[in-house]
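Here's the letter readout for the chains.
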Amino acid sequence: MEPRRVLLVVSGGIAAYKIPELVRRLKRTGHAVRCVVTASAREFVSPLTLQTVSAEPVRESLFDRAEEGQIDHIALADWAEAVVVAPATANLLAKLAAGIADDLATTVLLATRAPLLVAPAMNVNMWSHPATRANVATLHERGVEIVGPEAGELACGWEGEGRMAEPEAIAGALELRLGRPSLAGERVVVSAGGTREPVDAVRVLANRSSGKMGFAIAAEAARRGAETILVAAPSALPTPPGVRRIDIETALEMRDAVHAEARSAGVVVMAAAVADFRPASAHARKLKKEDLPEGEGLTLELVRNPDILAELCREPGERVVVGFAAESHDVVEAARRKLARKGCDLIVANDVSREDAGFESDANAVVLVSPGGEAEALPLLPKSEVARRLLDRIEKLRGARS
Ligand code: CTP
């Protein structure tokens, strides 16, 4: 990738000792790197070290006339083609969310128009504090990319989420962010989560899908520059940056939303677990057990829902349509049959009998099954990585068509 001008803002956490390694990685890729350190960061990493590895002067203070004379803080903010904050302390995240500019680092962060990536690092209780959660959500909504933190043993003695992502992961996230948007101009529709079919005023028929896989695919499509629409069944997951989200509940609502959005889409990925059946009629009021004699059963009549994926595949056009298959045995064979039956361009088959993958998990082990019958088994990977590989494949299919 092209060499870029990267501004690295270092705030005061113990993980600052890893930043020289991050600078070296970025330099090795050919980027120019300039560092700004906060007053507390200087307690953890020496400006001289950063200056030596970056081969650029390190900026420390807003009011240092010599520093400002070389490159003033606004020029520095304008110079940056990307800004990375690592480690990002709870305090720095709070200031960034509130727009406070009371030192050089926060002033440059407020002035820059470059894409921003932050790598939080703090004590697990600080990270899970509602104030930090709200600040992170605000930044996320503004399109700030949050890398990590990771779970593990923390320097403060606690265990849990709070460790800064490794320099390799931060550099990788930056490369992706700065890469050429390979899906620019493309419209991608992704469905996610498990639909809910009402039984009565309070009860629903649901399934175990968490929506994580579909959300990861939408996040990756948006990162690649696609106009991305996520049709989401009920989920507490945050909307990925740059994604337009349409919340639905039932299979019929999902069908309407997907068809409406898919009209001008080049890619549709049906990652949702759509209920195959719904109660024939939902009771408007809550069913009361007093109304049923004790010992007697309650029979629910179910009717088939339309198969959205099959409907999409029947529509003519150049669109790439991808389906998912949740299988508990004979995974590849079952997926091949499903693909042939529905007529899609690719099936992502999940082995739902595995304990370490699938439904609520953050990892997934899938097999990509093509119409020719070829099956590519991917190893157990984080869902974000599965999303990347799936979109690489989808891009090839799209490229072959257009
Ligand atoms: N799907 C759909 N509409 C439905 C049901 C499923 O669009 N009413 C889509 C899902 O989003 C997924 C794929 O079809 O992409 C799954 O197909 P399905 O036949 O439901 O497979 P399973 O859920 O694996 O169930 P089964 O094996 O029982 O057929």
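Up top you'll find the structure we're talking about.
Residues numbered from 1 in each chain as written. Predicted model: local features only at pLDDT ≥ 70, side-chain atom pairs only at ≥ 80, totals over all residues. Heavy atoms only, no water.

## Focus: the environment of Ser61
Then step 1. Take Ser61: it is sitting in the loop between α2 (47–54) and α3 (65–70).
Then step 2. Taking the relative accessible area as the measure of exposure, Ser61 reaches 26% and is therefore partly exposed.
Then step 3. Each C-alpha atom, one on Ser61 and one on Val37, is 8.3 Å from the other, the two residues being 24 residues apart in sequence.
Then step 4. Ignoring any residue separated from it by four or fewer positions in sequence, one finds Ser61 in contact with Glu67 and Leu104. (Helix = DSSP H or I, 4+ residues; strand = E, 2+ residues; numbered from the N terminus. Buried < 20%, exposed > 50% of the residue type's maximum accessible area, 1.4 Å probe, protein only. Contact = heavy atoms within 4.5 Å.)

## A few points about the sheet that holds strand β1 (residues 5–10)
Then step 1. Pairing within the open sheet is parallel, and its five strands lie in the order β2-β1-β3-β4-β5. Single-partner strands in this sheet number two, and they are β2 (32–37) and β5 (145–146).
Then step 2. Note: β1 against strand β3 (residues 82–88), four bridges, orientation parallel. Bridged to Val9 within β3 is Val85.
Then step 3. Packed on one face of the sheet, helix α6 (residues 104–111) meets β1, β2, β3 and β4 (116–120) and runs near 140° to β1. (Pairing = 2+ DSSP bridges. Axes fitted to C-alpha atoms, helices over the stretch in contact; angles between N-to-C directions.)

## Regarding the pairing of strand β17 (residues 346–351)
Then step 1. β17 sits mainly inside the fold: five of its six residues count as buried.
Then step 2. Of the pairings in the sheet, the one linking strand β16 (residues 320–327) to β17 comprises six bridges and is parallel in character. Directly across from Ala326, in β17, lies its bridge partner Asn350.
Then step 3. Note that β17 and strand β19 (residues 366–369) share four bridges and pair antiparallel. What sits directly across from Asn350, in β19, is Val366.

## Concerning the packing of helix α10 (residues 212–223) against helix α14 (residues 383–401)
Then step 1. One can describe the packing of α10 onto α14 by two numbers: an axis separation of 8 Å at closest approach and a directional angle of 55°. It follows from the interaxial angle that α10 and α14 lie oblique. The way α10 lies across α14 gives a crossing that is right-handed. Note on element contacts: α14 touches α10 through Lys383, Ser384, Val386, Ala387, Arg388, Leu390 and Leu391, opposite Lys212, Met213, Ala216, Ile217, Glu220, Ala221 and Arg223.
Then step 2. Of the residues in the contact of α10 with α14, the class split is eight nonpolar, one polar and five charged. (Parallel < 35°, antiparallel > 145°, perpendicular 65-115°, else oblique. Left-handed = near helix turned anticlockwise from the far one by under 90°. Nonpolar A, V, L, I, M, F, W, Y, C, P; charged D, E, K, R; others polar.)

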